[in-house]
Amino acid sequence: MPALPPANAANYSARETARRTRLLRVLLPALSLALVLLAIAWLNPRAISYFGFSLMLNLAIPIALATIAQMFVITGNELDLSIGTFVGFVGCVTATWLRDAPLLGIAVLLGSIAVYALLGALIYLRNLPSIVVTLGMSFVWQGLAILVLPKPGGKAPDWLMAITGFKPPFVPFPIIAALLIAAVVHFGLMRTSYGAVLRGSGGNPAAIGRAGWSLLRTKMVLFGMAGVFGVLSGMTLIGITTSADANIGNGYTLLAIAGVILGGGEFMGGRVSPVGAVIGALTLALAASPLLTFMRVPPDWQVAANGAILIIVLAARVLISRREA
Amino acid sequence: MVDARTILVKLEGVEKHFGAVRALDGVDLNIFAGECVGLVGHNGAGKSTLMNILTGTLATGAGTISISGSVEDRYSVSRALALGIRCVFQELSLCPNLSVAENTRINHPSLKGIGWQRKAAALIAQKLDEIFPGHSIDPSDIVGDLSIGRRQMVEVARAFTVTDAPLDLVILDEPTSSLDSHTAGQLLDFVRRFVGSGKSCILISHLLGEVLGNADRIVVMRDGKVVAADRAAVFDRDKLVTSMGGAAAREKVAAEAAKGTREIGPICVKARPARQRDDMQLVARSGEIIGLAGLAGNGQTDLLLAIFEAAGGSRSGIEVTAPLALVAGDRQSDGIFPQWSIARNIGIRSIERMVRGMLISSRREAELASRWQERIKIRTPDMNNNILSLSGGNQQKALFARALGSDARIILMDDPMRGVDIGTKLDVYDLIREEADSGRTFLWYTTETEELDNCDHVYVFHGGRIVANLSRDELTEEKVIQSSFDEAV
């Protein structure tokens with residue numbers, strides 16, 4: 001019998017196709033970002049400048065952080081419908097207690113991360129659908145936010161505004177921050193050895209359990225990380241806007257989900273990409289407001305136009321990945 | 001002589017009940033160091049439950065487990081791993097979204113820190129080279145991109161990798177079910193070397209020849225008990241089948257198949273593989289059982305799927321003249337609806353016939369289900385139970401019932417008998433012959449050469465093309481293998 005079965009040739013080419021498909025899926029978020037940037041450059045060339053990017057991407061960082069938070073939850077085949085109101089709650093705490101009573105503020109924020117981890121434990125131990133639990137939690141966070149800050153107002157701590165207002169030379173701050181977030185999370189989730197276990201818990205939980213890993217722990221870590229990035233998102237949001245409102249983060253829930261999917265993630269199977277998620281969030285942030293303003297869409301219609309863009313972009317992604325598959 | 005050797009694992013009076021079902025009913029089993037134990041029995045005989053207990057994924061109901069002489073009263077997955085007991089599970093335990101190297105890391109907590117990816121890649125590559133020379137799997141390949149056979153190779157190789165935990169016993173549950181005969185041979189050779197170095201192995205297989213040829217000792221289970229255990233040399237095929245409680249041996253298959261004087265009707269399928277360069281094509285007449293053979297992953301499944309799609313619309317090179325149904329090979333991902341009952345899983349292909357007004361008649365659904373429960377012998381107290389309550393073989397029977405209970409005249413089978421016990425197989429073979437007699441056509445891809453005995457003629461595939469068309473009289477294993485490796489086409 002020949003040492004090397006000739007069957008390998010056929011399998012090899014099949015594997016090459018799979019590899020190419022995956023490469024395309026990885027490049028897709030970058031392509032959509034480039035497309036939005038091109039449209040903006042065509043409509044308003046002056047926007048492509050240090051100052052233009054600083055303005056346009058101003059709110060992209062909190063969105064990127066919320067998207068990363070959502071991505072951790074999706075890694076474990078769950079969905080977080082409360083991230084938006086959670087960001088709002090963190091914002092309210094940041095604009096009040098964190099400034100007036102820093103110790104209390106820090107304690108509350110750390111406590112809210114612990115609550116997130118416990119939600120993960122609850123979902124795992126009672127085998128509850130995460131959609132139900134987090135939908136319920138979204139009202140809890142909203143209610144707490146209103147308790148903390150009944151009327152829009154408050155003020156961000158000065159040190160926080162100093163950080164978010166930082167103006168580095170040559171490259172706008174939001175771009176540096178986006179690169180940093182993408183790099184840190186990519187390393188943590190895609191390169192570390194425990195990151196592989198976390199992603200595996202979405203790919204084949206039974207296999208992870210059989211190898212002796214605690215699925216309770218992976219679920220708690222994934223939800224806990226969502227809490228961490230949710231807190232970071234709320235804090236940067238307040239640093240940028242300088243004051244808070246209980247409803248400030250409500251739109252983030254769907255933006256975050258869309259950002260993960262646009263970035264090449266999938267709802268099931270632990271297939272996510274931190275770099276893609278950040279790019280997805282940037283694309284959505286740009287497509288949301290600056291692009292529409294340059295297209296002279298009246299503000300009344302911007303929210304609806306926003307939704308339409310979301311549908312078009314996501315549909316394009318589905319179409320392309322299906323044709324390749 | 002037996003008593004002089006070290007006992008690695010000793011099970012005494014192990015019991016496990018699931019509700020009213022006694023999966024294990026007092027099992028005593030010894031595994032000695034340096035032996036390969038073959039474990040055989042029908043699906044549902046308790047083999048998988050026993051292995052789950054040995055690997056710590058299930059707790060025992062009663063009885064004791066002793067490893068290397070000490071009784072383990074708090075046995076768990078991590079305890080089993082620490083004691084050097086590993087298992088290759090029948091349904092694969094790889095994460096499809098991770099690379100081969102990352103999947104290796106999952107099993108080795110010590111692979112961490114700087115450079116863990118390089119270490120994991122080297123570890124698995126070295127083991128793959130050792131077991132399956134010429135495998136062409138790269139540690140950076142994403143497992144989901146690999147064919148099912150390659151995934152099984154990775155899973156097997158991973159079980160034999162060693163870092164800091166010891167490795168004394170590897171349980172192989174149907175390890176060759178998705179491998180072609182070449183790679184299966186490589187694996188079995190490796191198992192002999194592994195056992196020769198003083199380690200132990202439990203080989204669970206429905207391929208009795210594989211067990212007879214490779215095990216030192218054979219343990220037969222039936223109805224949750226060990227009913228026979230002796231040196232392999234004492235057994236032959238017939239004796240094994242008899243002690244398993246099997247109805248008949250393979251000779252019966254061949255005899256039954258040969259005596260058929262079936263009415264062969266008009267042509268109902270003509271298909272040319274997309275990569276075929278000459279004018280060879282697959283032709284099936286109604287009432288025929290056609291085999292698709294060759295090494296795994298050489299275009300057999302692709303052609304079946306192309307035929308399946310051609311029924312819904314036109315496709316160049318393929319003609320289909322009758323309704324068809326597909327019995328999937330990868331039943332977990334392509335076959336069953338895991339949330340549904342057995343009855344609903346069977347009925348889904350025949351929904352048009354069961355509607356009354358706008359609703360599905362639950363009476364007709366139940367009728368269809370109970371008719372097929374009887375015909376194909378699905379072992380369950382209630383067809384309204386969830387499909388996952390069935391053992392693997394019985395799930396596969398339900399999928400056959402789905403196809404055969406429908407109006408399809410052509411049944412496509414994508415290696416459906418993977419990991420199914422011989423009793424189930426014989427039941428299904430009989431049924432296929434009966435159905436062919438009544439004019440149904442079967443296109444049957446199988447990786448088990450023995451199954452080709454059931455076919456009227458066999459197309460051998462290689463590199464996505466048909467390379468040979470053998471009638472039953474010409475059919476031998478050598479001939480199939482020879483054609484599979486024949487490049488000059």
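Residues numbered from 1 in each chain as written. Chains lettered and ligands numbered in written order. Predicted model: local features only at pLDDT ≥ 70, side-chain atom pairs only at ≥ 80, totals over all residues. Heavy atoms only, no water.

### Some details on the overall build of chain B
Here is step 1: When helices and strands are tallied, chain B shows 17 helices and 21 strands.
Here is step 2: The globule rule puts the C-alpha radius of gyration for 489 residues at 23 Å, and the 23 Å found for chain B is close to it.
Here is step 3: Taking all 489 residues of chain B together, the buried fraction comes to 55%.
Here is step 4: Considering only contacts in chain B between residues 6 or more positions apart, those separated by 24 or more positions represent 68%.
Here is step 5: When the accessible surface of chain B is split by element, carbon and sulfur atoms take 50% of a total near 19,700 Å². (Helix = DSSP H or I, 4+ residues; strand = E, 2+ residues; numbered from the N terminus. Rg over C-alpha atoms; globule rule 2.2 N^0.38 Å. Buried < 20%, exposed > 50% of the residue type's maximum accessible area, 1.4 Å probe, protein only. Contact = heavy atoms within 4.5 Å. Areas by Shrake-Rupley, 256 points an atom, 1.4 Å probe, with all protein chains shown as cover.)

### Describing the interface of chain B and chain A
Here is step 1: Each partner contributes residues to the interface: chain B has 44 residues there, and chain A has 35 residues.
Here is step 2: Joining chain B to chain A, the criterion identifies 1 salt bridge.
Here is step 3: Residue E102 of chain B pairs with R199 of chain A through a salt bridge whose shortest N-O separation is 2.7 Å.
Here is step 4: Summed over the shared surface of chain B and chain A, the number is 10 residue pairs in polar contact (both at pLDDT 80 or more).
Here is step 5: Listed by contribution, the elements that provide at least two residues to the side of chain B that touches chain A are helix 2 (77–82), helix 3 (100–106), helix 4 (116–131) and helix 17 (477–485) of chain B.
Here is step 6: When residues in the side of chain B that touches chain A are grouped by element, the largest group, 3 residues, is from helix 3 of chain B.
Here is step 7: Its residues assigned to classes, the side of chain B that touches chain A shows 19 nonpolar, 15 polar and 10 charged. (Salt bridge = Lys/Arg side-chain N within 4 Å of Asp/Glu carboxyl O. Polar contact = N/O pair within 3.5 Å; in protein donor to acceptor, adjacent residues only side chain to side chain. Nonpolar A, V, L, I, M, F, W, Y, C, P; charged D, E, K, R; others polar.)

### Considerations on the side chain of E451 of chain B
Residue and element names in this part refer to chain B.
Here is step 1: Take E451: it is sitting in the loop between strand 19 (441–445) and strand 20 (457–462).
Here is step 2: Of the side chains with opposite charge, K425 comes closest to the buried, unpaired E451, at an N-O distance of 4.6 Å.
Here is step 3: The residues touching E451, leaving out its near neighbours within four places in the chain, are M417, K425, Y429, W444 and T446. (Lys, Arg positive; Asp, Glu negative; His and termini not counted.)

### Considerations on the sheet that holds strand 14 (residues 318–320) of chain B
Residues and elements named next belong to chain B.
Here is step 1: Pairing in this open sheet of 3 strands is antiparallel, and the strands run 12-11-14 from one edge to the other. At either margin of the open sheet sits one strand with a lone partner, and together these are strand 12 (282–285) and strand 14. Sheet twist, expressed as the average angle between the axes of neighbouring strands with direction ignored, equals 15 degrees. (Pairing = 2+ DSSP bridges. Axes fitted to C-alpha atoms, helices over the stretch in contact; angles between N-to-C directions.)

Everything listed here is a matter of coordinates, which is why it stays silent on function.
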